[in-house]
Amino acid sequence: MSGVEVITFGCRLNTYESEVMRSEAEKAGLNNAILVNTCAVTGEAVRQARQAIRRARRENPHARIIVTGCAAQTEAATFGDMPEVDAVLGNEEKLKSASYRALPDFGVSAEEKLRVNDIMSVKATAPQMVKHINGHVRAFIQVQNGCDHRCTFCIIPYGRGNSRSVPMGAVVDQARKLVAEGYREVVLTGVDATSYGADLPGTPTLGLLAKMLLKQVPDIERLRLSSIDSIEADSHLFDLLADEPRFMPHLHLSLQHGDDMILKRMKRRHSSADALAFVEQVRSLRPDVSFGADMIAGFPTETEDMFANAVGHAEECGISFLHVFPYSPRPGTPAARMPQFDRALVKERAARLRVTGEALLAAHLDRMVGTRQTILVEMTGFGHTENFSLVAAPGLVPRDMVSVTITGHNGKHLTMQVDAAQAA
């Protein structure tokens, strides 16, 4: 192979940072190299990264393999010990061209492979500019990194460090650049995006940033948020939902559970009543809104009644896009020291919660049939409506915005007919 290939796992922030990595590595003159940007959310994510590294080595025996990302930050030695790996970079180092110029030669020891600093010492997030997001018609923009909270199940603060925000002006500049490249939809991403601005002068909020972006970059046709923590939502976000048609009616919530005792043991900052009140308020402002959410099944001490509360909470909140994670103990987290369930029970509860998610999705898709929608066509032969419903879009051109009538669904995605006026 020649050039730089990037293999990305995990969140939208990683997707954005992979473009920065590619640019910085190429700037440094790196060639014949594979960068693996890992995720540490679950043990399964780490396993998949290791598997991908081994496969990359088999298929590219002479390439240089550099591993980075959250799993590399939290488990540097694990990846340094892999014979397939030539170097391990931390989450700060991966964004600097100097890191790629200073890579060790082949054949060094496992310790010499490691270029991973103390992420907690990082106090600011330097703005990073990219020209495009490879393989995507939606543009992801990093607005924040790190997290100041310490949920008992979560390893991510130890991979990302404490919360730090990108200055508003830099976010606006990045948005202008991506819109000028033809991107019609912008997605604001971060580890804890709703904590945005607490470390900046004047303490602006995520909602205020979104308002500023839509005002300063009027050619943004769609503005969307990645995952948010509803307890941190500010009044500007509610204003946008009520009054701004370019602000998309879809929110992905970091719920994690629906039983109040488990939420306390997770060290979450909201109750089930808080979450329900939030979705009800948002729906009152924007009736066409849809919600996604992350939920964990099989958390330590979760009784059958507690699990039932989680299922009922997802139903009561009307979560159309439910992302279910079987609890995965992450070494170094408080929850990993709690009494653990048998993995078979954890997987069985996750499977039951997914069945609930499938029913909620089907009900949402039922409600969409017969409605007129605008979809942004993607490179996969599908498109997304404003409320993030997936629509099959055979024969349509990626990046086009198309008006359609929803004709049906198969339980996973919608089918459509292009509106006659647009077809003509």
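Residues numbered from 1 in each chain as written. Predicted model: local features only at pLDDT ≥ 70, side-chain atom pairs only at ≥ 80, totals over all residues. Heavy atoms only, no water.

Colleague: I tried to follow the overall build of the protein chain on my own but got confused; where do I start?
Modeller: Scanning the protein chain from terminus to terminus reveals 15 helices and 18 strands. For a compact globule of 424 residues, the expected C-alpha radius of gyration is about 22 Å, and the protein chain comes in at 22 Å, within 12% of that figure. Within the protein chain, buried positions represent 55% of all 424 residues. When contacts within the protein chain are restricted to residue pairs at least 6 apart in sequence, those whose partners lie at least 24 apart make up 73%. Carbon and sulfur atoms provide 53% of the accessible area of the protein chain, an area that totals close to 17500 Å². Charged side chains of the protein chain number 47 positive and 50 negative; the gap between the two group centres comes to 3 Å. (Helix = DSSP H or I, 4+ residues; strand = E, 2+ residues; numbered from the N terminus. Rg over C-alpha atoms; globule rule 2.2 N^0.38 Å. Buried < 20%, exposed > 50% of the residue type's maximum accessible area, 1.4 Å probe, protein only. Contact = heavy atoms within 4.5 Å. Areas by Shrake-Rupley, 256 points an atom, 1.4 Å probe, with all protein chains shown as cover. Lys, Arg positive; Asp, Glu negative; His and termini not counted. Charge placed at Lys NZ, Arg CZ, Asp CG, Glu CD.)

Colleague: How should the pairing of strand E13 (residues 321–326) be read in this particular structure?
Modeller: Along any regular strand, the residues point their side chains to alternate faces of the sheet. The sheet contact formed by strand E12 (residues 290–297) and E13 spans six bridges and is parallel. Looking across to E13, one finds that alanine 297 is bridged to proline 326. Note that the unit made of E12, helix H13 (residues 304–317) and E13 has a crossover that is right-handed. (Pairing = 2+ DSSP bridges. Right-handed = clockwise from strand over helix to strand, strands pointing away.)

Colleague: Could you clarify how one ought to interpret the sheet that holds E12 in this entry?
Modeller: Paired through their backbone hydrogen bonds, the strands of a sheet run either parallel or antiparallel. Taken in spatial order, the three strands line up as E11-E12-E13 in an open sheet, and their pairing is parallel. What marks the edges here is a single partner per strand, and that holds for strand E11 (250–256) and E13. Looking at each pair of strands side by side, their axes are set apart by 15° on average, direction ignored. (Axes fitted to C-alpha atoms, helices over the stretch in contact; angles between N-to-C directions.)

Colleague: What am I meant to see in helix H10 (residues 235–243) here?
Modeller: Since one α-helical turn is 3.6 residues long, residues separated by three or four positions face the same way. Those residues of H10 that sit buried are Leu237, Phe238, Leu240 and Leu241. Taken around the axis of H10, the buried residues stretch over an arc of 160°, which confines them to a single face. (Arc of directions from axis to C-beta.)

Colleague: Quick question: what am I supposed to make of the packing of aromatic side chains here?
Modeller: What the rule picks out here adds up to two aromatic pairs. Measuring from centroid to centroid gives 5.4 Å for phenylalanine 299 and tyrosine 327, while their planes differ by 75°, and the two rings are edge-to-face. Here the residue phenylalanine 299 occupies a position in the loop between E12 and H13, and tyrosine 327 occupies one in the loop between E13 and helix H14 (343–368), the gap between them amounting to 28 residues. Positioned above the aromatic ring of tyrosine 158, the side-chain terminus of arginine 150 is 5.6 Å from the ring centre. The ring centre of phenylalanine 341 lies 5.3 Å from the NZ or CZ of arginine 349, which sits over that ring. (Phe/Tyr/Trp six-rings, centres within 6.5 Å; stacked < 30°, edge-to-face > 60°. Lys NZ or Arg CZ within 6 Å of the ring centre and 35° of its normal.)

Colleague: Looking at this model, I keep getting lost on the side chain of aspartate 294. Mind explaining?
Modeller: Checked against the element boundaries, aspartate 294 lands in strand E12. Salt bridges are absent for the buried aspartate 294, whose nearest opposite-charge side chain, arginine 268, sits at 8.2 Å. (Salt bridge = Lys/Arg side-chain N within 4 Å of Asp/Glu carboxyl O.)

Colleague: In this structure, what is going on with the pairing of strand E3 (residues 64–69)? I would like to understand it.
Modeller: Burial runs high along E3: six of the six residues are buried. Note that strand E2 (residues 33–38) and E3 share six bridges and pair parallel. By the bridge assignment for E3, alanine 33 is matched with arginine 64.

Colleague: What am I meant to see in the packing of helix H9 (residues 206–216) against H10 here?
Modeller: For the pair H9 and H10, the least separation of the axes is 7 Å and the interaxial angle reads 45°. On the basis of their axis angle, the class for H9 and H10 is oblique. Across from Gly207, Leu208, Ala210, Lys211 and Leu214 in H9, the residues of H10 making contact are His236, Leu237, Asp239 and Leu240. (Parallel < 35°, antiparallel > 145°, perpendicular 65-115°, else oblique.)

Colleague: Explain the pattern of salt bridges to me, please; I cannot follow it from the model alone.
Modeller: Once the charged atoms of two side chains with opposite charge are near each other, the side chains can pair. One pass over the structure, following the stated rule, counts 24 salt bridges. A salt bridge links arginine 224 to glutamate 185, with the shortest nitrogen-to-oxygen separation between them at 2.7 Å. Placement of arginine 224 in strand E10 (residues 222–225) and of glutamate 185 in strand E9 (residues 185–189) is noted, with a sequence separation of 39 residues between them. Two residues, arginine 286 and aspartate 288, come together in a salt bridge whose shortest N-O distance is 3.5 Å. Judged by relative accessible area, aspartate 288 falls into the partly exposed class, the value being 38%. In this structure, a network of salt bridges that share partners links the residues Glu302, Glu304, Glu348, Arg349 and Arg352.

Any functional reading would require information that these geometric values do not contain.
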